[in-house]
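Overview (structure and organization)
Each chain, written out:
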Amino acid sequence: MIVTLIVLCEVGFWVLLAAGLALRYVARKPRLGAAVLLCEPLLEVVLLVVTAIDLKNGAEPDWKHGLAAVYIGFTVGLGHSTIKWVDARVAHRFAGGPPPVRPPKYGMARAAHEWRTAARWTVAAVTATALLQLAVWYVGGDGDIGSLRMWQQKMLWVVGINVIIAGSYTLFPKAEPDHPAKRMKADG
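Keep in mind the model is a prediction, meaning the values are calculated, not measured. Just so you know, the residues in each chain are numbered from 1, in the order the chain's sequence is written. Given that this is a predicted model, residues contribute local features only at a pLDDT of at least 70 and side-chain atom pairs are listed and counted only at 80 or more, while totals for whole chains, interfaces and linings are drawn from all residues. By convention in this description, side-chain values take in all heavy atoms of the structure and omit both hydrogens and water.

1. Considering the overall build of the protein
Counting secondary structure elements, the protein contains 7 helices and 0 strands. Across the protein, helices and strands are ordered from the amino to the carboxyl terminus as α-α-α-α-α-α-α. Throughout, radius of gyration means the C-alpha value; the globule benchmark is 2.2 Å times the number of residues raised to the power 0.38. A compact globule built from 188 residues would reach a C-alpha radius of gyration of about 16 Å, whereas the protein, at 21 Å, exceeds it by more than 25%. The principal-axis extents of the C-alpha atoms in the protein amount to approximately 75 × 45 × 20 Å. Each accessible area value is a Shrake-Rupley result obtained with a 1.4 Å probe; residue values ignore everything except the protein chains displayed when judging cover. When the accessible surface of the protein is totalled, it reaches about 11,800 Å², and 69% of it is carbon and sulfur. Charge counting treats Lys and Arg as positive and Asp and Glu as negative, with His and both chain ends excluded. Lysine's charge is taken at NZ, arginine's at CZ, aspartate's at CG and glutamate's at CD. Averaging the coordinates of the 20 positive side-chain charges in the protein and doing the same for the 13 negative ones gives two points 13 Å apart. Secondary structure elements follow DSSP: runs of H or I of four or more residues count as helices, runs of E of two or more count as strands, with numbering from the N terminus.

Given below as structure tokens:
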């Protein structure tokens, strides 16, 4: 049941996103579109409540309960940036908006972009880890919490990998290619 609900929440996320953006750009109802987009967190609340009820009713905590916590964490950490990313592309494609801003490719600007990305992933992982810890305390010492602890370890890996990626762009920034036109300006 939990896995089905996670899938339904993911589908619901994209349906609400499409409906909100359609209302905003096609129907020209930006406030109504924003209201629909603000309904998205309700999906995570439902998932959290159902997961807690499932555990309360005696279900053994397993990978599905951990996955629910991870899904909620990732929605908290990455949901807003995903909505902004899709919104910018829909606005450009269907509403005459400006082209979406591309991330920088070179130098410290790219490193700063990677640190912002790592921060979002860290928020997601920390949120998931906190929810997993709440589930551990909720279940108590009587239940098998090994699968919840396993998910917590995976969240530490997520943070570590993202910090390593951002750090590599900081320590080894990619240099902008040298273009002949730039050399002519510098010489001229």
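Continuing now.
2. Observations concerning the environment of aspartate 144
Its location among the elements puts aspartate 144 in the loop between helix H5 (107-139) and helix H6 (146-171). Counting along the chain gives 84 residues from aspartate 144 to glutamate 60, while the straight-line C-alpha distance between them is 6.8 Å. Contacts were defined at the residue level, with two residues in contact if any of their heavy atoms lie within 4.5 Å. Every residue in contact with aspartate 144, bar those within four places of it in the chain, is listed here: Glu60 and Pro61. Definition of a polar contact: a pair of N or O atoms within 3.5 Å, with one able to donate and the other able to accept a hydrogen when the atoms are protein atoms, and with sequence-neighbouring residues admitted only if both atoms are side-chain atoms. Looking at aspartate 144, its side chain comes within polar contact range of the main-chain nitrogen of glycine 146, at 3.2 Å.

3. Remarks on the nonpolar core
The set of buried Ala, Val, Leu, Ile, Met, Phe, Trp, Tyr and Cys residues whose side-chain atoms join them within 4.5 Å is what this entry labels a nonpolar core. Throughout, exposure labels follow a simple rule: accessible area from a 1.4 Å probe, protein chains only, divided by the maximum for the residue type, with under 20% read as buried, over 50% as exposed, and the rest as partly exposed. Ranked by internal contacts, the top residues of the largest apolar core, which has 34 residues, are Leu17, Leu47, Val70, Phe74 and Met155. Elements represented by at least two residues in this core include exactly helix H1 (2-25), helix H3 (40-56), helix H4 (63-95), H5 and H6. Looking at which element gives the most residues to this core, the answer is H4, with 11 residues.

4. Observations regarding the side chain of aspartate 87
Position of aspartate 87 among the secondary structure elements: in helix H4. We classify aspartate 87 as buried; its relative accessible area is 17%. At a separation of 2.6 Å, a polar atom in the side chain of aspartate 87 contacts the side chain of tyrosine 25. If near-sequence neighbours (up to four positions away) are discounted, aspartate 87 is found in contact with Leu21, Arg24 and Tyr25.

5. A short note on a nonpolar patch on the surface
A contiguous nonpolar surface patch, about 250 Å² in accessible area, is contributed by Val7, Val11 and Val15. Looking at the secondary structure, you find valine 11 in helix H1. Given a relative accessible area of 48%, valine 11 falls into the partly exposed group. Patches draw on residues past 30% relative accessible area with no salt bridge. Two like charges within 9 Å are joined, as are two nonpolar side chains (Val, Leu, Ile, Met, Phe, Trp, Tyr) within 5 Å. Between Lys or Arg on one side and Asp or Glu on the other, a salt bridge is scored when a side-chain nitrogen of the former is within 4 Å of a carboxyl oxygen of the latter.

6. Quick look at the packing of H5 against H6
Angle between the axes and distance between the axes are the two parameters that describe a pair of packed helices. Axis definition: a line fitted to C-alpha atoms, over the contacting stretch in the case of helices. Angles run 0 to 180 degrees between N-to-C directions. Orientation of H5 relative to H6, taken along the N-to-C sense of each, is 170°, at an axis distance of 8 Å. On the basis of their axis angle, the class for H5 and H6 is roughly antiparallel. A breakdown of the residues in the contact of H5 with H6 according to their chemical character gives 19 nonpolar, 7 polar and 3 charged. Each angle gets one of four labels, with under 35 degrees taken as roughly parallel, over 145 as roughly antiparallel, 65 to 115 as roughly perpendicular, and the rest as oblique. Charged residues are taken to be Asp, Glu, Lys and Arg, nonpolar residues to be Ala, Val, Leu, Ile, Met, Phe, Trp, Tyr, Cys and Pro, and polar residues to be all remaining types, Gly included.

7. Remarks on unusual backbone geometry
Located in the positive-phi region is arginine 28, a residue other than glycine, with phi close to 60°. Within the element layout of this structure, arginine 28 appears in the loop between H1 and helix H2 (30-38). The class for arginine 28 is exposed, based on a relative accessible area of 58%.

8. Focus on the side chain of asparagine 162
Tracing the backbone shows asparagine 162 in helix H6. Within the structure, the side chain of asparagine 162 is placed 2.8 Å from the backbone oxygen of valine 158, a separation counted as a polar contact. The contacts of asparagine 162, once residues within four sequence positions are left out, are Ala118 and Trp121.

Without other data, these values stay purely geometric and don't point to any function.
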